[in-house]
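Fold and contact review
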Amino acid sequence: QVQLVESGGGLVQAGGSLRLSCAASGSIFSINAMGWYRQAPGKQRELVAAITSGGTTNYADSVKGRFTISRDNAKNPVYLQMNSLKPEDTAVYYCNAQDDLHDYWGQGTQVTVSS
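Residues numbered from 1 in each chain as written. Predicted model: local features only at pLDDT ≥ 70, side-chain atom pairs only at ≥ 80, totals over all residues. Heavy atoms only, no water.

Comment: phi is negative for the bulk of residues other than glycine, and the bulk of peptide bonds are trans. One non-glycine residue, S84, lies in positive phi territory at about 50°. Take S84: it is sitting in the loop between strand 8 (78-82) and strand 9 (91-98). (Helix = DSSP H or I, 4+ residues; strand = E, 2+ residues; numbered from the N terminus.)

Written out as structure tokens, the structure reads:
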């Protein structure tokens, strides 16, 4: 089992920045990849950015050049640096971790970008 705890959400004006953090505990040795997803009201949850245990990163087209996913050591914690935020980035952001069999999710953190 893996437990994930997010922090760092909040209210920011358009053009501003926020950094989200995700701390994993439990069987972190089994994690193959970690990432950030978001879900806006009335919309499906979507991938924002992901990083594999080997360091390969992947981003949604909508955030390329503005968001950066990173980590302090091999797997933990994982950060999402969000710059040049737009009102359409407003959503609940969820940390995700994957092992060979499971998807694990954090409780989510609200990000609100005002225009």
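Further remarks concern the pairing of strand 8. Counting buried positions along strand 8 gives four out of five residues, so the element sits mostly inside the fold. Where strand 3 (residues 18-26) and strand 8 come together, five bridges link them in antiparallel fashion. Bridge pairing links C22 to V78 in strand 8. When strand 7 (residues 67-71) meets strand 8, the two strands line up antiparallel, connected through five bridges. The residue of strand 8 that forms the bridge with F67 is M82. (Buried < 20%, exposed > 50% of the residue type's maximum accessible area, 1.4 Å probe, protein only. Pairing = 2+ DSSP bridges.)

Formed by 30 residues in total, the largest nonpolar core has its most connected members in L4, M34, W36, L80, M82 and Y93. Of all the secondary-structure elements, those providing two or more residues to this core are strand 1 (2-7), strand 3, strand 4 (33-39), strand 5 (46-52), strand 7, strand 8, strand 9 and strand 11 (109-114). Leave out the neighbours within four places in its chain, and L4 touches C22, A23, A24, M34, C95, N96, A97, Y104, W105, G106 and Q107. (Core = buried A, V, L, I, M, F, W, Y, C linked by side-chain atoms within 4.5 Å. Contact = heavy atoms within 4.5 Å.)

Attention shifts here to the sheet that holds strand 8. The strand order 1-3-8-7 describes an open sheet built from four strands, whose pairing is antiparallel. The open sheet has two edge strands with one neighbour each: strand 1 and strand 7. On average, adjacent strands in this sheet sit at an angle of 15° to one another, irrespective of strand direction. Bridge count between strand 1 and strand 3: six bridges; the pairing is antiparallel. Counterpart to E6 in the pairing with strand 3 is C22. (Axes fitted to C-alpha atoms, helices over the stretch in contact; angles between N-to-C directions.)

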